[in-house]
Amino acid sequence: MITAYIALGSNLGDSRALLGSALAAMDRLADTRLVDVSPTYRSTAVGPGKQRDYLNLVARLETGLDAGKLLAQLQRIEADHGRQRREHWGPRTLDLDILLYGDATISTEALQVPHPRMAERNFVLYPLTDLAADLVLPCGTPLQRWRSACSDAGLEALGDTIEPGR
Ligand code: ROI
């Protein structure tokens, strides 16, 4: 089994319910178990125009799926939750990104792991550090170093954890 970290975000619809439902859907994937869920953060949207704040969190999975299959399943869960790929960086009901897949470095057209923009995204680094404070990235950098270099501007810890819902 491989430990994978998934970033979840939503700024359209009932974000709390969508995120809870997505957590449950990931736990139901074949050969996959939801092991841990970070605290919830509210974050200012990165993207064009005026958008609602996001809710963001990170989940830890144990999975026997290979990275390509995991990606395909996460895209199916996004689609099941009303995600439509329209405007670049526009608002979204549900966004699921593979941040880390074990120690793997993956660079294909479909998938880049570690996620190429995670070092600059506080809404990823803060919840990931909550789950895995001692994590070392595949490049050898301790996660804490990225997190210390990343401002928390626009980020608020809400102090709760969303439970997997239906
Ligand atoms: N902005 C925030 N704050 N949180 C996200 O999860 C998020 N996801 C995205 C883009 C559009 C880059 N902006 C985001 O995909």
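Conventions and cut-offs
- Residues numbered from 1 in each chain as written.
- Predicted model: local features only at pLDDT ≥ 70, side-chain atom pairs only at ≥ 80, totals over all residues.
- Heavy atoms only, no water.
- Near = heavy atom within 4 Å.
- Polar contact = N/O pair within 3.5 Å; in protein donor to acceptor, adjacent residues only side chain to side chain.
- Areas by Shrake-Rupley, 256 points an atom, 1.4 Å probe, with all protein chains shown as cover.
- Nonpolar A, V, L, I, M, F, W, Y, C, P; charged D, E, K, R; others polar.
- Disulfide = S-S within 2.5 Å.
- Buried < 20%, exposed > 50% of the residue type's maximum accessible area, 1.4 Å probe, protein only.
- Phe/Tyr/Trp six-rings, centres within 6.5 Å; stacked < 30°, edge-to-face > 60°.
- Lys NZ or Arg CZ within 6 Å of the ring centre and 35° of its normal.
- Helix = DSSP H or I, 4+ residues; strand = E, 2+ residues; numbered from the N terminus.
- Pairing = 2+ DSSP bridges.
- Core = buried A, V, L, I, M, F, W, Y, C linked by side-chain atoms within 4.5 Å.
- Contact = heavy atoms within 4.5 Å.

Draft legend 1. The site of the ligand, seen in detail. The ligand sits among Ser 43, Thr 44, Ala 45, Val 46, Tyr 54, Asn 56, Trp 89, Arg 92, Asp 95, Arg 121 and Phe 123. A distance of 2.7 Å is found between a nitrogen atom of the ligand and a side-chain nitrogen or oxygen belonging to Ser 43. Between the ligand and Thr 44 there is a distance of 2.8 Å, counted from a nitrogen atom to a backbone nitrogen or oxygen. When the free accessible area of the ligand is taken as 350 Å², the share hidden by the protein chains comes to 96%. Class assignment for the residues of the shell around the ligand results in five nonpolar, three polar and three charged.

Draft legend 2. Quick look at the state of the cysteines. One pass over the full model with this rule turns up zero disulfides. Free of any disulfide, Cys 150 has its nearest cysteine sulfur in Cys 139, 15 Å distant. Given the relative accessible area of 10%, Cys 150 is considered buried.

Draft legend 3. Summary view of the packing of aromatic side chains. As enumerated under the stated definition, the model contains zero aromatic pairs in all. Directly above the aromatic system of Tyr 126 lies the positively charged group of Arg 147, at a separation of 4.0 Å from the ring centroid.

Draft legend 4. Representation of the pairing of strand E1 (residues 2-10) within the structure. With seven of its nine residues buried, E1 lies for the most part within the structure. Where E1 lies against strand E4 (residues 54-63), nine bridges are found, and the strand directions are antiparallel. Residue pairing in the sheet places Ile 2 in a bridge with Thr 63 of E4. Pairing of E1 with strand E5 (residues 95-101), which is carried by six bridges, proceeds in the antiparallel orientation. For Tyr 5, the partnering residue across the bridge sits in E5 and is Leu 100.

Draft legend 5. A look at the nonpolar core. Ile 6, Leu 8, Leu 23, Met 26, Leu 70, Ile 77 and Ile 98 are the most contacted members of the largest nonpolar core, which totals 29 residues. Where this core is concerned, the elements lending two or more residues are E1, helix H1 (15-27), strand E2 (32-37), E4, helix H2 (67-80) and E5. Not counting the four nearest positions on each side in its chain, Leu 23 is found in contact with Leu 8, Leu 34, Val 37, Leu 57, Ala 59, Ile 162, Glu 163 and Pro 164. Residues Ala 7, Val 124, Ala 132 and Leu 143 belong to the second largest nonpolar core, which totals 19 residues.

Draft legend 6. Looking closely at the environment of Pro 116. Among the structural elements, Pro 116 can be located in the loop between strand E7 (112-113) and helix H3 (122-131). Take Pro 116: its relative accessible area is 42%, and that puts it in the partly exposed class. Separated by 17 residues in the primary sequence, Pro 116 and Leu 99 have C-alpha atoms spaced 8.5 Å apart.

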